[in-house]
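One-letter residues, chain by chain:
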Amino acid sequence: MNFFLSGFVALTLRRWQLQLVSTDHRVGQTHPVKRWALLGLGVLGSGLLLPSLAHPAAAAERVYVSYGSVERSISVDTLETYARTGTINDDLAAYAQYADPKQLQDLREVLLTPIQLSSVAVSQFLYTPQAETLLMRLGQVIQTEARQTGFYAIRSALILAAAQPEGLTLLNVMRQFPTDGIRVNLGRSLEIANALDEFVEQTRQASVAISQQATAEAALAPVTDFSALTDLRQTGGFEWQKTTITLSDRTRKTIQRFPNRPPIEVPRERVFPVDIYMPLASAAQNQAQPYPAPVIVISHGLGSDRTTFDYLAKHLASYGFVVALPEHLGSNAGRLQALLSGTATDVAESFEFVDRPLDVKYLLDELERRSKSEPLFRGRLNLQQVGVVGQSFGGYTALSVAGATLNFEQLAENCQRSNESLNLSLLLQCRARELAGRQYELRDPRIKAAIAINPVDSTVFGEPSLSQIQVPLMMIAANADTVAPALPEQIRPFTWLTMPEKYLVLMNGATHFSAIGASATNSEVVPIPTPVIGAAPALAYRYIQALSVAFFKTHITNQEQFRPYLTSAYAANISRAPLKLDLVQSFTAAQLAQALDGETEEPTVPPESVPASPATSPSEPLPAPVPLEELVPTVP
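Here we summarise the structure given alongside this text. Quick caveat, the model's predicted, so the values are computed rather than measured. (Residues numbered from 1 in each chain as written. Predicted model: local features only at pLDDT ≥ 70, side-chain atom pairs only at ≥ 80, totals over all residues. Heavy atoms only, no water.)

**Re the overall build of the protein chain**
The helix and strand tally for the protein chain stands at 24 helices and 17 strands. For the protein chain, restricting intrachain contacts to residue pairs at least 6 apart in sequence, the fraction spanning at least 24 positions comes to 79%. For the protein chain, the accessible area works out to roughly 24500 Å², and carbon and sulfur atoms hold 52% of it. (Helix = DSSP H or I, 4+ residues; strand = E, 2+ residues; numbered from the N terminus. Contact = heavy atoms within 4.5 Å. Areas by Shrake-Rupley, 256 points an atom, 1.4 Å probe, with all protein chains shown as cover.)

**Details of the nonpolar core**
Residues I276 and Y396 are the most contacted members of the largest nonpolar core, which totals 78 residues. Ranked by the residues each element gives to this core, the list is headed by helix α15 (residues 352–373), at 7 residues. Judged by nonpolar contacts, the second largest core, of 48 residues, contains F226, Y570, L579 and L583. (Core = buried A, V, L, I, M, F, W, Y, C linked by side-chain atoms within 4.5 Å. Buried < 20%, exposed > 50% of the residue type's maximum accessible area, 1.4 Å probe, protein only.)

**Re empty space enclosed by the protein**
Scanning the model with the defined rule gives 3 cavities of 30 Å³ or more in all. Approximately 80 Å³ is the volume found for the largest cavity. Lining the largest cavity, in full, are S400, G403, A404, T405, L406, F408, R438, Q439, Y440, E441, L442 and R443. Split by residue class, the lining of the largest cavity holds 5 nonpolar, 4 polar and 3 charged. (1 Å grid on protein atoms, 1.4 Å probe; cavity = no way out; pocket = protein on both sides within 12 Å on 5 of 7 lines; lining within 4 Å. Points joined across faces, edges and corners; volume = space filled by probe spheres on them. Nonpolar A, V, L, I, M, F, W, Y, C, P; charged D, E, K, R; others polar.)

**Describing the packing of aromatic side chains**
For the structure shown, the criterion picks out 15 aromatic pairs. Its end group placed over the ring of Y82, R108 keeps NZ or CZ at 5.7 Å from the ring centre. The ring of Y127 is capped by R155, whose NZ or CZ atom sits 3.8 Å from the centre of that ring. (Phe/Tyr/Trp six-rings, centres within 6.5 Å; stacked < 30°, edge-to-face > 60°. Lys NZ or Arg CZ within 6 Å of the ring centre and 35° of its normal.)

**Things to note about helix α4 (residues 76–85)**
Looking only at α4, the buried set comprises V76, T78, L79, Y82 and A83. Buried residues of α4, seen end-on, are gathered within an arc of 160° and therefore sit on one face of the element. At the exit of α4 stands G86, carrying a positive phi of roughly 80°. (Arc of directions from axis to C-beta.)

**Quick look at the sheet that holds strand β12 (residues 322–326)**
The 9 strands lie next to each other as β7-β10-β12-β11-β13-β14-β15-β16-β17, forming an open sheet whose pairing is mixed. Every interior strand has two partners, whereas the edge strands, β7 (240–249) and β17 (580–584), have only one. Averaged over all neighbouring strand pairs, the angle between strand axes comes to 20°, with direction disregarded. Of the strand pairs in this sheet, strand β16 (residues 502–508) and β17 are connected by 5 bridges, and their pairing is antiparallel. Along β17, the bridge assignment pairs L506 with D582. (Pairing = 2+ DSSP bridges. Axes fitted to C-alpha atoms, helices over the stretch in contact; angles between N-to-C directions.)

**Considering the packing of α4 against helix α6 (residues 101–112)**
At a minimum axis distance of 9 Å, the contact between α4 and α6 shows a crossing angle of 100°. Put simply, α4 runs roughly perpendicular to α6. The segment α4 lies against α6, with L79, Y82, A83, R84 and T85 engaging L104, Q105, L107, R108, L111 and L112. For the contact of α4 with α6, the per-class residue count stands at 7 nonpolar, 2 polar and 2 charged. (Parallel < 35°, antiparallel > 145°, perpendicular 65-115°, else oblique.)

These figures come from the coordinates and say nothing about function on their own.
If you want it as structure tokens, here you go:
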């Protein structure tokens, strides 16, 4: 879930940037709110590392904010006094005049609100490759008193703050920063904020274009009285039973690499549980449902678990589908817990890009075997009519078994600039570069249709690979997604698809977490804050339930009476605030380019004009974690 935690960065960064940094681009003048940021508290708008691990990092004794030749400062004591008592002294009064009461109250809360994570968990996360990338970016903005990168100082402060009795608070991070002062490069932070503004604006423009296309498609479609049709948001007529099986795949191999020696394949075993929901045969007979029943596989996301899509599995089973939910043990919540407890070094190995699709393929193989030999499954599974659903990393999994292939050429090209990208999903996708050197056959011909929810795909697949998929595909995007952003990861990739039956669904205002249900196993190692989940997740569940039934009834069981549900008109019919729903069957690269005023590439953060000092640059090999008492480094 370090991939998830990375998403918290952008979401909270955007929130504080909107609150504290505002520029009048028309006349080039600085708003009072921006002066507030300039004069000292802009660090709160740009100095975020992990909103679920820490709030914006500032200095030990004083915060110095530099903007060109202008530099101002405020003492940490002043901020602490205000946070604990509400007293605004002369030092703070100069800045407080530029903030409204709500912003001042927010400041008090963010200074003192603890994040419930241990120093071990924080340390383990901050030594992962993804966190180190974020620290390198943040170190460009938050620097030591000697104006050198804050990479090591920020990491040390976060870890030591988590060990304090009050826990990991922003105030403790300030107190644990290992220099007397911290310098915030506000010019650099505004460059990042401006790039983020452009990124958000492009997503808005693309969303408007999709909404316009949806309106046009609805106007051209035959009029349908949806009130006279079955409401697919409601539970279907089938009862179902749940069973859990454990699979053991002894055919897997791991690639081990050695210095000055060719890599070798080492046999290993992959053991994973699968929950299976099966409609009852008696109900099927009463409704004249043919048996064996079609099968749907649901793949959960990174740092999650299979029960987070129970809500969808039960719904599909009530409409006559057998639904299987495998647990991807190499990238699930248990793996995250291992990372935070110190027994794993990363939330997922790069080979998960192979193992996850192989989990699905092996599951289908095993179900075929059991359908011939075990009474529980005999005669009840149609494994020639298989659909797949996946969310986030599970969306990658669904696209992979549907026919997209790992694109190492695209990975090599895009990942060279990943440090400049605002697309946080590249932190995950670029791990797949480690698999280069061989080809992997991950497509499964039994897959006849796929739904990808918030998938990560732009770089690990790219246009050449996504265009290879020929089965019907529904891509579901959330335009407030900061983990797998809608524009680069779903909207633009949709324009690359070549199959005739394709659908782009946009949940306006939804986030990366809107479609993820609550875990039934209490495996939520790092609770996701409500603002990060976003508004009305239950509404997102209902959208996905209804559209999934319609999609698989149309494209798996070939029941044409469900096709009217796969239209812009139906999406408009069920759309409710605060998550406006749009569905289009056509959206071209030309339409997207026009919406973006001809811009064909996503905004990136411009490189620093002055490189980091070699003395503290983290470009060289980074040290391993050390005992807590040794974690205060000597920082120039």
